[in-house]
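Residue-level structure breakdown
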Amino acid sequence: MTLHERWMMHAVSEARQAFQNNEVPVGAIVVHNGAIIGRGYNQVEMMNDPTAHAEMIALTAAASHLQSKQLKGCTLYVTLEPCPMCAGAIVLSKIPNLVFGSYDPKMGACSTLYSIVEDKRLNHRVHTIGGVLDDECGELLKEFFKKKRGRES
């Protein structure tokens, strides 16, 4: 197991918490100097807040930990490719590295539909690695939506 895979397993644990709370199972962690300094999972339904994505919660926690809006020297691990809102926040945080699990064909803004985090027109770019533990991350999402569709039938 690679270092990125080991860290991603922590993000998967966060995603499982979202699943248990009937939220879309996305989890995120921020790592700095070999330690997790921010973590989050989707809480959109619980908080009734469209911005309560895993990445936003993890970035906020990390910024609070570092007492800085700039997350230099950090890596964000997230189980699903970030959406445009989260990709914008990632750029604004000046985090240098993003590692994500599953690609998102409907909202992915870090390589699939857009590449906001690597757009040369912006003042900061983020080194991005996608597809880390894609199967594990994707299975959780598939299971969630299968369960959700079963309830709606």
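Residues numbered from 1 in each chain as written. Predicted model: local features only at pLDDT ≥ 70, side-chain atom pairs only at ≥ 80, totals over all residues. Heavy atoms only, no water.

Turning to the overall build of the protein, a few remarks are in order. Within the protein, the secondary structure is distributed over 5 helices and 5 strands. If you list the helices and strands of the protein from N to C, you get α-β-β-α-α-β-α-β-β-α. Its C-alpha atoms give the protein a radius of gyration of 14 Å, near enough to 15 Å, the size a compact globule of 153 residues would have. The principal-axis extent of the C-alpha atoms belonging to the protein is close to 45 × 35 × 30 Å. Counting every atom, the protein has about 8100 Å² of accessible surface; 52% of that belongs to carbon and sulfur. (Helix = DSSP H or I, 4+ residues; strand = E, 2+ residues; numbered from the N terminus. Rg over C-alpha atoms; globule rule 2.2 N^0.38 Å. Areas by Shrake-Rupley, 256 points an atom, 1.4 Å probe, with all protein chains shown as cover.)

As a further point, take the pattern of salt bridges. A full pass over the atoms with the stated rule returns 3 salt bridges. Of the charged contacts in the structure, one is a salt bridge between Glu14 and Arg39, with a shortest N-O distance of 2.9 Å. Separated by 25 residues along the polypeptide, Glu14 in helix H1 (residues 3–20) and Arg39 in strand S2 (residues 35–41) bring together distant segments of the chain. We note a salt bridge from Glu139 to Lys142, for which the minimum N-O separation is 3.9 Å. Linking Glu139 with Lys142, this pair stays in helix H5 (residues 134–152), spanning 3 residues, or about one helical turn. Here Glu139 falls in the partly exposed class, since its relative accessible area comes to 47%. When its relative accessible area of 56% is taken as the criterion, Lys142 is described as exposed. (Salt bridge = Lys/Arg side-chain N within 4 Å of Asp/Glu carboxyl O. Buried < 20%, exposed > 50% of the residue type's maximum accessible area, 1.4 Å probe, protein only.)

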